[in-house]
Every structure is written in structure tokens, then in C-alpha cells.
There are 4 protein chains.
Amino acid sequence: MDFRSDNVAGAAPDILQAVIDANSGTATSYGADPYSARVEQRLSEIFEKPVKAFAVMTGTACNALALSALTPAYGAVLCHEEAHIHLDECGAPELFTGGAKLVPIAGAHGKLTSEGVRQVLEQTLTGDPHRVQPAALSLTQATEAGTCYRPAEIAALAEIARGRQMKMHMDGARFANAVAHLGVAPAEITWKAGVDVLSFGATKNGALGAEVVVFFDAALAEMFAVRRKRGGQLVSKMRFVSAQLEAYLKGERWLDLARHANAMAARIADGLQRLPQAALLHPVEANEVFIQLPPKVLAGLRAAGFNFYDWTDAAPGTIRLVLAFNTDPADVDAFVTAATQLAAAAA
Amino acid sequence: MDFRSDNVAGAAPDILQAVIDANSGTATSYGADPYSARVEQRLSEIFEKPVKAFAVMTGTACNALALSALTPAYGAVLCHEEAHIHLDECGAPELFTGGAKLVPIAGAHGKLTSEGVRQVLEQTLTGDPHRVQPAALSLTQATEAGTCYRPAEIAALAEIARGRQMKMHMDGARFANAVAHLGVAPAEITWKAGVDVLSFGATKNGALGAEVVVFFDAALAEMFAVRRKRGGQLVSKMRFVSAQLEAYLKGERWLDLARHANAMAARIADGLQRLPQAALLHPVEANEVFIQLPPKVLAGLRAAGFNFYDWTDAAPGTIRLVLAFNTDPADVDAFVTAATQLAAAAA
Amino acid sequence: MDFRSDNVAGAAPDILQAVIDANSGTATSYGADPYSARVEQRLSEIFEKPVKAFAVMTGTACNALALSALTPAYGAVLCHEEAHIHLDECGAPELFTGGAKLVPIAGAHGKLTSEGVRQVLEQTLTGDPHRVQPAALSLTQATEAGTCYRPAEIAALAEIARGRQMKMHMDGARFANAVAHLGVAPAEITWKAGVDVLSFGATKNGALGAEVVVFFDAALAEMFAVRRKRGGQLVSKMRFVSAQLEAYLKGERWLDLARHANAMAARIADGLQRLPQAALLHPVEANEVFIQLPPKVLAGLRAAGFNFYDWTDAAPGTIRLVLAFNTDPADVDAFVTAATQLAAAAA
Amino acid sequence: MDFRSDNVAGAAPDILQAVIDANSGTATSYGADPYSARVEQRLSEIFEKPVKAFAVMTGTACNALALSALTPAYGAVLCHEEAHIHLDECGAPELFTGGAKLVPIAGAHGKLTSEGVRQVLEQTLTGDPHRVQPAALSLTQATEAGTCYRPAEIAALAEIARGRQMKMHMDGARFANAVAHLGVAPAEITWKAGVDVLSFGATKNGALGAEVVVFFDAALAEMFAVRRKRGGQLVSKMRFVSAQLEAYLKGERWLDLARHANAMAARIADGLQRLPQAALLHPVEANEVFIQLPPKVLAGLRAAGFNFYDWTDAAPGTIRLVLAFNTDPADVDAFVTAATQLAAAAA
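### Examining the overall build of chain A
Thinking step 1. Helix and strand counts for chain A stand at 13 helices and 11 strands.
Thinking step 2. Taking 20 Å as the expected radius of gyration for a compact globule of 347 residues, we find that chain A reaches 21 Å, a close match to that expectation.
Thinking step 3. Across the 347 residues in chain A, those meeting the buried criterion constitute 63%.
Thinking step 4. A separation of at least 24 residues holds for 76% of the contacts in chain A among residues at least 6 apart in sequence.

### With respect to the relation of the copies chain A and chain C
Thinking step 1. Note on the identical chains: chain A maps onto chain C by a rotation of 180° and an axial translation of 0.0 Å, with an RMSD of 0.0 Å. These values place the two chain copies in the arrangement generated by a two-fold rotation axis. Looking at the rotation axis and the C-alpha trace of chain A, the residue lying nearest is Gly98(A), at 2.8 Å.

### Comments concerning the interface of chain A and chain C
Thinking step 1. The interface of chain A with chain C comprises 15 residues on the first partner and 15 residues on the second.
Thinking step 2. Carbon and sulfur atoms supply 66% of the area that chain A and chain C bury against each other, a total of about 1500 Å² over both sides.
Thinking step 3. When the buried area of chain A at its contact with chain C is split by residue, Tyr74(A), His130(A) and Arg230(A) rank highest and sum to 43% of it.
Thinking step 4. Taken together, the links from chain A to chain C amount to zero salt bridges.
Thinking step 5. Our count for the chain A to chain C interface comes out at seven residue pairs in polar contact (both at pLDDT 80 or more).
Thinking step 6. Per-element accounting of the side of chain A that touches chain C gives the leading share, five residues, to helix 9 (residues 224-230) of chain A.

### Observations regarding the packing of aromatic side chains
Thinking step 1. The full count for this structure, using the stated rule, is 58 aromatic pairs over all chains.
Thinking step 2. A centroid spacing of 5.1 Å and a plane angle of 70° characterise the contact between Phe290(D) and Trp311(D), whose relative ring orientation is edge-to-face. Taken together, the positions of Phe290(D) in strand 9 (residues 288-292) and Trp311(D) in the loop between strand 10 (309-310) and strand 11 (318-322) put the pair 21 residues apart, joining distant regions of the chain.
Thinking step 3. A connected cluster of aromatic rings, assembled from ring pairs, spans Phe47(A), Phe175(A), Phe200(A), Phe216(A), Tyr248(A) and Trp254(A).
Thinking step 4. If you follow Lys111(B) out to its NZ or CZ, it ends over the ring of Tyr149(B), 5.9 Å from the centre.

### Some thoughts on the relation of the copies chain A and chain B
These two copies of the chain differ by a rotation about an axis and a displacement along the same axis.
Thinking step 1. With an RMSD of 0.0 Å, the operation that places chain A on chain B is a rotation of 180° combined with a shift of 0.0 Å along the axis.
Thinking step 2. Mapped onto chain B, 100% of the interface residues of chain A are again interface residues, and the two copies thus contact each other with one and the same surface.

### As for the packing of helix 1 (residues 13-22) of chain C against helix 10 (residues 239-248) of chain C
When two helices pack together, their arrangement is given by the angle between the helix axes and the distance between those axes.
Residue and element names in this part refer to chain C.
Thinking step 1. At a minimum axis distance of 8 Å, the contact between helix 1 and helix 10 shows a crossing angle of 140°. Comparing their axes, helix 10 and helix 1 come out oblique. As for how helix 1 packs across helix 10, the hand of that crossing is right-handed. Two secondary-structure elements touch here, helix 1 through Asp14, Ile15, Ala18, Val19 and Ala22 and helix 10 through Arg239, Phe240, Ala243, Gln244, Ala247 and Tyr248.
Thinking step 2. For the contact of helix 1 with helix 10, the residue count by class is eight nonpolar, one polar and two charged.

What counts and what doesn't
- Residues numbered from 1 in each chain as written.
- Chains lettered and ligands numbered in written order.
- Predicted model: local features only at pLDDT ≥ 70, side-chain atom pairs only at ≥ 80, totals over all residues.
- Heavy atoms only, no water.
- Helix = DSSP H or I, 4+ residues; strand = E, 2+ residues; numbered from the N terminus.
- Rg over C-alpha atoms; globule rule 2.2 N^0.38 Å.
- Buried < 20%, exposed > 50% of the residue type's maximum accessible area, 1.4 Å probe, protein only.
- Contact = heavy atoms within 4.5 Å.
- Least-squares fit on C-alpha atoms with pLDDT ≥ 70 in both.
- Buried area = accessible area lost by both parts, 1.4 Å probe.
- Salt bridge = Lys/Arg side-chain N within 4 Å of Asp/Glu carboxyl O.
- Polar contact = N/O pair within 3.5 Å; in protein donor to acceptor, adjacent residues only side chain to side chain.
- Phe/Tyr/Trp six-rings, centres within 6.5 Å; stacked < 30°, edge-to-face > 60°.
- Lys NZ or Arg CZ within 6 Å of the ring centre and 35° of its normal.
- Axes fitted to C-alpha atoms, helices over the stretch in contact; angles between N-to-C directions.
- Parallel < 35°, antiparallel > 145°, perpendicular 65-115°, else oblique.
- Left-handed = near helix turned anticlockwise from the far one by under 90°.
- Nonpolar A, V, L, I, M, F, W, Y, C, P; charged D, E, K, R; others polar.

Here it is in C-alpha cells:
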């Protein structure tokens, strides 16, 4: 039973089936295929606005390429200090933007605050030619802490950004989980709140490997086909990527997958926080649970074959549990039961 | 009937089946899965030497990342003037290497010659600090002209490269076609001839999307895991990529697929060159045919539904035909028959 | 007697004096000093148009930074195959532009031709996303071959450039020599002919070290202050650089210096081409002479203490002679006399 | 009376005289002149070790180029959060390194602490391929806070760096001020304490414009001539730069200039801190004073014609005073007297 990451899960059967079905006849390569066209059309429906959509293969490329369309090399990208783009992409944004500077900002529960952003803009990124120039603000939805920005929070950040002619990027590796949790229309937490570009993930939520950069402003997308090619992300047999996205976005499939993962996270969190020494690090709003448990409980869980990561950025004994689109409720219950027994034995 | 590119073809059934089979249970993400380990092991067998192997998603990334391990930003990469890395990757090598300079060199039938390389090294890239520093030599096997370097040709180029401490890269987007044509051991046209790194393609030859960077010198691979991540090519659910490579490399499967494509190219070339005004631009050694045909014949073929590209770099009336691992011989014969009839009617 | 380069010369006395005079009191640093303001004003007079001017320290930086304002990282810069930016700046344009590709084009006597440029644009840089995107055309005035573009030649190239939304850059390391030779208003061979940005050199023509990027289109200059800082070219005590430029541009001083150098080149060329086996490689229009002389003559000149470079790109026995703003006519005559005697002895 | 920066000062007379004297005859360009050779030799004496020295034009280039020799593009450069390379060079280090990440670390009085560095290395830069790789540690001597690292402090940081195979860089824009304050041999706070490369500044301390990258490890300098050219810092008439450095480094001239600036800083600090509401932000160890004064005093000083910067990173009312190699003690006394009178009047 493996709670390490949503990436250890495989693919949803219908998404895999779409790949199988796509293997028929010839198709124009490099994205000029009907699958890709339909994905763009479907995303325009979902977001209630004509969008420009570019499928890519990895979340890292999705973010780094999106940012490269928003910032010059001398620009600054403001983000949370725990943002994936800052900490966990090995400098890919720096590579794809030609050396823009990511400016990390602290904030509780993985969220940027207006105050934090304003302080950096006023004290450091003053526009002086000796300083990098503020160009973009990137927020993660759902955040790296498993929390979700409300529409008003995003709009407040976007207003600050617009005041300095900055663009807004959203890292939506877990976008579906956020929409599912908030129960809002996708437009409400993206372009209606001021987001210019969304890195819309599918891999963590049931695809084999497919992400898509969604531009709400066509002007920003103008040369993105060129950027994608140059960035090594223009897949030749693109139909196999776009077919995944098409299946993922069909009806509410993407949301249903996320709802399941979120429900599993709520279920495991509910069970665990009843334990006497358990302490949740962050509110559980998406499919991740950060929780502190006694060392003996953790050791016992591992001995029993449960697989999960220590979260070294927090207090000792804190772990991260990630629940997936296909997590079996029985596995969740087994984890909670085992933890409860171990806690009782340790008491 | 579509002869535009090997990328318009779908996937070989057994390779697709391997993807389906890989969708079972959880697997460690980011390449630390057993599929990836087996691919490295199998490549070591194929090349008769322990290699380091890194799967990536596109041929462009495969080449650009491989080159980034061979050249500093102030380096020069010597290549044929028609090389894919120079002409058709939109500057991806420049991006991934931090701005190294690709130095195009002319040569008949898509091949670099020792004389051409030596001339550039002696007249231009003298080592002077005002000039970029020669760092790597990249050759394409099979070439962009559908021809193949012989082992001795590669060894001669490698000797020149070594004399200036340059590394040797091989763009093997159609490596299988070259091995199939030459009937040599893979080692003979790679490390035994002086090649340090191979971009080993599978996508054009039956995979959905899978390429692999193969290092014959482990020291060069030392930080490549980091480069791959930074380059946006570390796929999270890597098992779905490595499973393709595993199926592709099983036994002689990769060679059999290439043998078919090569045979189809020979068959179509044989048929077409009997036409009175036909002129082959290059010898046909792999799965591509560059041939000049009368305008009326070309117009007639297109009217009949045959799909292929004009080759604008050559004389008017020159087209490129690409034959695939799954090209139906009946389609080839239909093309030849139609062309023959059209040529007779035009005469 | 040293004819190796215009860089082996020192500084003109009045330019040095301006530096001495500038060393008085405090001055706001980083270019916000009155010297810099006056340079911009004087350049606006010289070019009969308000310009934006940014002093930098080296010709390499002047070119590379100017190009960085004209091309995105995925852009192509078309230039002559012997262009300094392509051959002799060690990839600085690639560094400062984030990896744009320089596309070398052949042309007699160091000049780009409309035909050569058009061919590249039509056959290679078609706008396809697989190809780098044409962004700028750079020409050198006077050229690396010591020749000068006429206004109509520049205008013809600019018309092609505009047809593809490309910007025009002029490497004017020897701009003064070209203006002096052509006897035109500076505006005639720059913005009136379609040039957007000029790298205006002073170092080769009598400054200690001072170049200036001149923008004829203020919109292109918008973030150039930031680029200059990021490029390490925002000198803190800028007054010492701008004071040089101010003295250089005073009245016709810059042209007089160039007229002298040009006259010396004409004088040495006149003398040498009377020798029986002498062959000029290019017309002598600025301050450089490329000439083939018999080996015995060259050996004799060197033995007599004359210092000059072999020009290895041309036939054996070809040398380059560079004449400076302060070359002594007696040295020129001594060279010619010695060569004449050596040629006679060898006959 | 101008206390804004050491860059508003002009040049020391003997350094200017050296430039004047260098303007005689021809000299080989691009650094192959005798002045440059003598500078390298003199630096080897000063540091009691053969060094490799490369003159450049600006402090920004000096730092950014030095770092480019120490870190790959996927590397991290650890530095103080107020480091000039991080805050005030507009991303030049990112440009010249190809996108390496600067990792800011807090520390009192502008100094990195072993604890702060260790924490980042242990918690964030773990060596994981998802993270940038620790490559260099950069410290500023004297610091941006006007304080100085002791030899043991540097050695302790270097030991941590060596434990992770990181290189040590020192930004010595005010190196002379640090040596003057500490009274140590230059070797003691550089290579003997573990520093690999020093950006040795002269411009702030009396040169017109001259900095020099000093390598204590020749292997690291191997391709630096190429990097300098590519970076636009290979000045053609280098003798005019090296002549400045030669005069600067003659005997104890560089230290005497710094001693004066330091003494002026001590003098102004001594005078000001006697005022009732004055509060020094940092110990005064070099030529900078950060001090909080009452608003009325500051307003009065400005009204009286004193020129200085507000220090917005600190509490309101905090200013920075920079004293120069040529600050007149009478100006210092005038400032103190005026402040004292204003403070008395305000009381």
C-alpha cells in the first residue's frame, strides 16, 4: 500500500483505452492532429472562453515553458517559498526562461499572501535597473501544502500583479483537486480571477503522461508553438498525448477522479487525527495529508508494509500521505486501523 | 496512403501492449522503476558494454540534452549543414547547451567528410579565445539524406575529433535503420568507432513516444540525471516510457521493424527509378527516398490520394518518401503502379 | 611599425584629456551623469533624430547587447559569414540573446546581398515552428573586408528584413571610417536606410575604451538599461567612458580621425598594388588592406621589423594591414619602400 | 558633500597618471600586453602564491564571470540574502552561469553563518536530481553591511563547502577595506582560508574602472580567457585597464586608499553615535556606515546640501553613508557638526 505520491499510480483504464483507440491509421504529426484540436475545443468549453492549448509531456516542462512566455530573462517570478517551480524542478524555469530569477516568498499553508507579495515588490523589486524586473506571479492550485486558494485570494494577488504589469501563472498540477474541493467553475479560479496561463496537469490524476499549457490570453500564446518545439516538448506522435487529455476531460471525468482522491485524503485525515498525538500540519483540502505521528507509530506502519515519505521540512515525525484517483478505500482504512492500534499499543 | 513521415504512423502492437501491461500496481516514479533498469541492462547487452541509459520523450530533447553533456556554453558542435539538430530543432541544442554554436559543414549525401571537418578546425576553430571552442562532433545515423556512415567513416571522423579533445555524438533517430542496412553489430558503429553518446530513437520506428540517451562513457553521464530533470524530460510515470523501450529492444524486434521500413524504401525506389525522368537524389540505404519526378506525375499522384512532401532544398520536382515499420507493401506497389501509369501517359 | 590592428594604437590626445578633465568632484554613478546625457544629445544631433544611447565598454558587448534587444532566444540573426559577431566574439551574441542562432550567409567582399538573404529566408527560415524564427539582420559598416555598404544596398536589405518583421542591426565598430569614405550624412546609412540599432564604435578610432549602442527606435530601447546592467556593462564611474565619447563626437573629430586612417590605407594600397605580384583581395574603402604579396617580400618585411597579420582565410601570402587614426605617413611610406625593394630583389 | 556611494568619487591622481603614461606607442591588444602580465605577477606577490588574473571592467562582470567558472547551469550558489550578486546585479550571475540559482541565506550584519549554510544544504539542497546542485558559496568581503569576515569565519564556511565539493567565491568589491580593517595578510582571508576565486575590486577604491578576477587554483582558470571574451569583457586596449591596476597595487597604495576611507567611516560613526537618538545598524568595520537618525536631523542635513541614501531595507530613518578613498575629513566633520546641531535643536 503505497502513499508516496500520486505519480506511483498507474493510468485510469479509460485514459489508457483512449491511447489504444488512437493507434489506428496515420495522423499528421507534431500536434496537427484532430485529437489535439478537440482538446483545445474541449478546454474552451470547460473554461467558458476560447483558449489556446499546448500539450506537453511533464509538469516541469509545463510550468517552465509557461513561465518562459511570461517573463523576459531579466524578469522575476514571484512564488511561494515551497513552490514546486522553485524547489523541485532543478532550475528548469531558469533554463527555459533564459535565467529569470524565482523570488521565494513565505506564507502559511503553502499560500502566497497579498502582504508578502507587496512587501517584496516595495522593498526589493523596485523597478531599479540594478534589480531584476517583476514579470510574473506564480501560484500553485492546489498548493504544495494540499490547500486551495479561494477565488477572492487569487483575485487579490492578481490585482497586485496587474499594478506592476506582471502576468499571473497557475501551476495546476493538481488543478482538478482544487476545482473538486472548491466546487467552483474552473473559470472562477483562473481567468475570471486574473490568471493568464494555467499549467493544467493530468498525469497525477490518471493520465499516463500528459499536461497542457492553457492560455487565456491568445496574444501570450503567439510564439508558444515555437517555444514548445525549442523546449523539446513537441511530441511527434502527439495523438497519443492528446488522446489521453481528451479522455481525461470528457464530461466530468477529470473531476470525478479528483473527487475520489480528495475523499480518500479526507478519510485518512479523519481517521488519523483522532489519534492522541496526531497533528495535522495543514488543512486537508485536496489529496495530500501532512501529519505528525509518534515515531513508534510510523515505524510500525512501515514494518507493516505501508509506504510513505517523511516530510523533512517540518517537525520530526511529520509525514506526507498522497491519495490517488484510484486509491482503494480499504487501503485507507487498513492504514488508519494499523495506526490506531499502534498508537494504542504505544500509549 | 501516407508517405510524409515515419511520425504519421502509429505504434507497433507489441509496443502498445507493453504499455498496457505496465499499467498494473504502483511503481516508483521518476525512472526508479524496474522497467527503466531493465532497459539499461538490455542496452548494455546490445552494445556489448555497460552503458548508462536515460529515457526521454522526444528526439529533439534526446539530441539537445545529449549535446549539453558534451559541450560547454562556449563550445562549438560541428555537424552536417542538413543536420536535424541544426535545421529542424528550432534552436533546442542552443537552449539546452546554454548557447553553444552549431557549425554547419557541407558534404555529399548528408555525410560529414574528414576533409570538411578538418578545414573548419584548421581555418576557423583554431582554439583562439575570440572563437568558440570545438567541443563536439555530431553525426546522424542514418543521415538526413537516408544514407548510412560506414564504421571506417565514423572512425575517421572520431580520430579528428579526438585530436582536438572533442566528443562524438550520434543522432540515432533512425539508428535501427542504419544497423539494419549495414548489417553490423551496434557496437561497431558506435563506441568501437569512437562515439561517446548516442541518441537512440524508437518513436519513428514503432514506439508511441520514447527515445533514450545512451552513454558509452559513464563519466560523461555523471550529472545527466540532473540535466534530464532540469530539461523537463524526467517523466513521472516513467514506466510507461521504459516499457515501450523494453518491448522495442526485445530480441531483434527493433531491427525487424527497421528491416521492413528499409525494404519498403528499396521497393519503392526500385519501382520509381525505372521511370524515364526519375532521378534519385541520394542512394537509398535506410527508409527514406529522395527522388525527382515529372510535375505531371507528382500532380497525378496527389490527385490519386497519395500523400508526401516536396523537398524544397533540392531541384523542383524532388519529393521525399518515408517508409515506416508498418508500411503495407500493397501501398508501395500502388504508388509505383500509379506513378508508372502517370509517367507513361505524360510521355 | 605595427599594422596588426587598430587596437594596438593608443588613445587620441584630446580624448585622453577629456578623461583627465572628467576627474573632478563627484558625479552620480551608473550613467546618470551629465557627460552621458550630453553624449545622447550629441548623437541625436549627428543622426538628425532623437536617439537613445547607452555607452558600453567593448565592441563585443556593444554588438551582443544590441542584438539581445532585437531577437528572442528562438530567433535567427542573419549576418555575413565573415561577420565579427559570428566568427570573432566567441559566442557572445549567443550568450546575451539566450541562444539565438547566427545564420552565416556568403557574399563577395564582406557584404550581404539581397539574393543571399532572400535565399535563406525562402529555403530555410520559412517560419515553420521547427525552425528558428528570423528576427534580425546584422550588417557591418565598414565591413570586415574593409568595404562599405552604399545607402541603397542597406535600404534593399532593410526592405527584405521588414517584409519578415525583422529588425536591422549595424555593427559600426568602424562606422566613422564608412561615413568618412562614403561622404554621406550618418542618417543616410542608418535609420533613413532602415537600420534600427547601431553599435557605434570609438575604441578602434582613438578612444581608450568606449562604444555606444544607438537606438533609432525608442521603443526598442525600453528595457535596455536593464539589459546593460545584467550584461555587466553598466560602468559605475560612467563619466570616464562618456567623457571619451563626448570628445570623440565633438564637431567632426570622429570623422577626421577616420579620414586619416582611411587615407593611410589608400596610401599603402596605392603603393603596394604597383608591385608586380601584388593582388588586392578587396577594394580598399576604409582603413584595412587585404593584399597578397610574394612570400619573400613578406619574410623580408617581417625581418625588417614590420608587424602585421597573415590572413589565413584567403590564399597563402595574403596579409591584413590595418591603419589607424594616428598612423604616421612616414611608416606607411617606409613599408611601401621596403616592399618595393624586396619585390625588386626577388624578381 | 556626497556620501551616496564610493562610485561617485573620481579616480586617484596616481592611477589616472598611470593611464596617461600608458598612452605611448603600440601595445598588443586583448590583454597580451606587458601591463597585464605585470598585474598578474604583482598579485602573485600580494597573495604569496602564483595566481591567474583577468582584468575586467565592472564589479558585476567580475562576480558573474567568476561564478560562471565555479558552477554549472544546474548549480546553486549560496550567498547572503543581501549579497550584491543576489540583489543588485539584475540577474547577471544567472546570465553568465546559464541560469544557476542563487540561494539567499539570512545572517546578522551581512554575514553568512555556518549554521545558516548547513541548514540549507541539509534541508533543501540534498543532492536529489529534483533540486539544483550545490556548487559554490559566495561571500562578500567587506560585506554589504560594512562588516568583515575573520579568517576563522571564512575557514569554517569553506570547510562546509568542501564537504559538498563546493567552490568558494569572494566578492571583494571592497576587499582592500577588509584587509585594511583586519590587518591580516591578503592570503589569510583568501586561499589560506579556502577561497578559490576572488573578485578583486579597484573601482570603488580609486580606479577609473578596473576589477580583476583572481584565481588561486589555476585549474579553475583554464578556460577563463574564453569566458571573459564571450562575456564581453575582453577589452581591446587592455593596457589602459591594467595600467590602473598596476598603479593601484603598487606597494601599499591600495591599502592606504582603503585605510583612509575606513578612517573616515570610523570618524563619522564616532561623531554620529554620540547623538541621543542615533542607532548604528551594523558595526562599522569598513567604509560604510548604516545609522538611524531622527527625521528632523535627516531633513536638516539634506537641506544643508548633504547627499546620502535612505536605507529602505531597515527601519525608517536609517541611512547609508559611504566614505571614499578621497573623502575630505573636513566634510566628515561638517556632517557631524551639522547633525549634532540639528539633533540639539530637535531635542
